[in-house]
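Geometric and topological summary
For reference, the chains in residue letters:
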Amino acid sequence: MSRRLEGRLVVATHNAGKLREMRELLAPYGIGCVSAGELNLPEPEETGLTFEENALIKARAAAIATKLPAFADDSGLCVEALGGDPGIYSARWAGESKDFAGAMAEVERKLVAAGGTTDAKRRGSFVSVLALVWPDGHEEIFRGEVHGQIVLPRGTAGFGYDPLFLPDGHSRTFGEMTSEEKHGIPADGSTALSHRARAFQLLAKACLA
Ligand code: IMP
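A brief structural summary. (Residues numbered from 1 in each chain as written. Predicted model: local features only at pLDDT ≥ 70, side-chain atom pairs only at ≥ 80, totals over all residues. Heavy atoms only, no water.)

**Brief notes about the overall build of the chain**
- Counting its regular elements, the chain contains six helices and six strands.
- Secondary structure elements of the chain, listed N to C terminal, follow the sequence β-α-β-α-β-α-α-β-β-β-α-α.
- For a compact globule of 209 residues, the expected C-alpha radius of gyration is about 17 Å, and the chain comes in at 17 Å, within 12% of that figure.
- With respect to the three principal axes, the spread of C-alpha positions in the chain is 50 × 40 × 30 Å.
- Across the 209 residues of the chain, 46% fall into the buried class.
- Pairs at least 24 residues apart make up 56% of the contacts formed inside the chain by residues separated by at least 6 positions.
- A total accessible area of about 10400 Å² is found for the chain, and carbon and sulfur atoms account for 54% of it. (Helix = DSSP H or I, 4+ residues; strand = E, 2+ residues; numbered from the N terminus. Rg over C-alpha atoms; globule rule 2.2 N^0.38 Å. Buried < 20%, exposed > 50% of the residue type's maximum accessible area, 1.4 Å probe, protein only. Contact = heavy atoms within 4.5 Å. Areas by Shrake-Rupley, 256 points an atom, 1.4 Å probe, with all protein chains shown as cover.)

**Regarding the layout of surface pockets**
- One number sums up the size of the largest pocket: a volume of about 1400 Å³.
- Lining the largest pocket we find 48 residues, and of these Asn15, Lys18, Glu46, Lys58 and Ala91 sit closest to its centre.
- Secondary structure elements with two or more residues in the lining of the largest pocket: helix 1 (16-26), helix 2 (51-66), strand 3 (70-79), helix 3 (90-93), strand 4 (123-133) and helix 6 (195-208).
- It is strand 3 that contributes the most residues to the lining of the largest pocket, seven residues altogether.
- Of the residues belonging to the lining of the largest pocket, the class tally is 23 nonpolar, eleven polar and 14 charged.
- Each pocket or cavity is described by its volume, and for the second largest pocket that value is around 270 Å³.
- Considering the residues around the second largest pocket, the lining is formed by Gly17, Arg20, Glu21, Glu24, Leu25, Ser179, Glu180, His183, Gly184, Ile185, Arg196 and Ala197.
- If you list the elements that add at least two residues to the lining of the second largest pocket, you get helix 1, helix 5 (179-183) and helix 6.
- Ranked by the residues each element gives to the lining of the second largest pocket, the list is headed by helix 1, at five residues.
- A per-class count over the lining of the second largest pocket returns three nonpolar, four polar and five charged. (1 Å grid on protein atoms, 1.4 Å probe; cavity = no way out; pocket = protein on both sides within 12 Å on 5 of 7 lines; lining within 4 Å. Points joined across faces, edges and corners; volume = space filled by probe spheres on them. Nonpolar A, V, L, I, M, F, W, Y, C, P; charged D, E, K, R; others polar.)

**Comments concerning the pattern of salt bridges**
- Following the criterion strictly, the structure yields 17 salt bridges and no others.
- In this structure, the salt-bridge partner of aspartate 73 is arginine 196, at a minimum N-O distance of 3.8 Å. With aspartate 73 in strand 3 and arginine 196 in helix 6, the pair connects residues that are 123 residues apart, well separated along the chain.
- We note a salt bridge from arginine 154 to glutamate 176, for which the minimum N-O separation is 3.3 Å. In this pair, arginine 154 sits in the loop between strand 5 (139-150) and strand 6 (165-167) while glutamate 176 sits in the loop between strand 6 and helix 5, placing the two residues 22 residues apart along the sequence.
- Owing to a relative accessible area of 31%, arginine 154 belongs among the partly exposed residues under this scheme.
- With relative accessibility at 30%, the residue glutamate 176 sits in the partly exposed group.
- Within this structure, Lys18, Asp73 and Arg196 form a network of salt bridges that share partners. (Salt bridge = Lys/Arg side-chain N within 4 Å of Asp/Glu carboxyl O.)

**Some points on helix 4 (residues 100-113)**
- Its 14 residues place the ends of helix 4 20 Å apart at the C-alpha level, agreeing with the 20 Å of an ideal helix rising 1.5 Å per residue.
- Within helix 4, the full set of buried residues consists of Ala103, Met104, Val107, Glu108 and Leu111. Each buried residue of helix 4 lies within a common arc of 140 degrees when the element is viewed along its axis, so the set occupies one face. Helix 4 presents Ala101, Arg109 and Ala113 as exposed residues on the side facing more than 90 degrees away from its buried surface. (Expected span 1.5 Å × (residues − 1). Arc of directions from axis to C-beta.)

Structure, rendered in structure tokens:
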């Protein structure tokens, strides 16, 4: 049974961009956000082997420390021919210097080495898992995915691996789309495009309706 989210929420992130995005998404529902970074909470180590485990590790730590409901997300790019890599290691492939041009070059190199020379062998998806954990231990988890082709990087919009991802049914990569096209929540209730927006739609239906 889903639980309705009310009042104030701690967003288990030290990333100002993620916090801003959550504030914007939750404001229409009257939910205020404070971040783990603003509260100087320590960042737990992401020792899980799945997106779900890592999102729960972050949300549980923040809920226990603050006694507030806590939200965390974990996301990444999964390339079929690479057995799902970089997956939960997507941020780590870019290294300390956040070199995503280098990380995208690494994806391309490994994909070609794995035989990724035809469209059918260049399939991939972005995955986003959102976890909500209440201080009494109640947990909710939502997973959004968007499937598409891994292409040579195109476009300068967005972040991370956006330029190499061509979502199915589209002719432009995430790197060539506006953030509204990529992340926007359609007002008519149809399914959003990005993995994160899709996961948020599931969360809103279950916990904010
Ligand atoms: P997280 O902050 O641990 O969830 O790391 C997610 C990583 O996955 C990011 O640093 C990006 O490299 C990648 N990623 C997740 N979502 C997206 C997206 O929408 N576009 C591009 N890269 C993404």
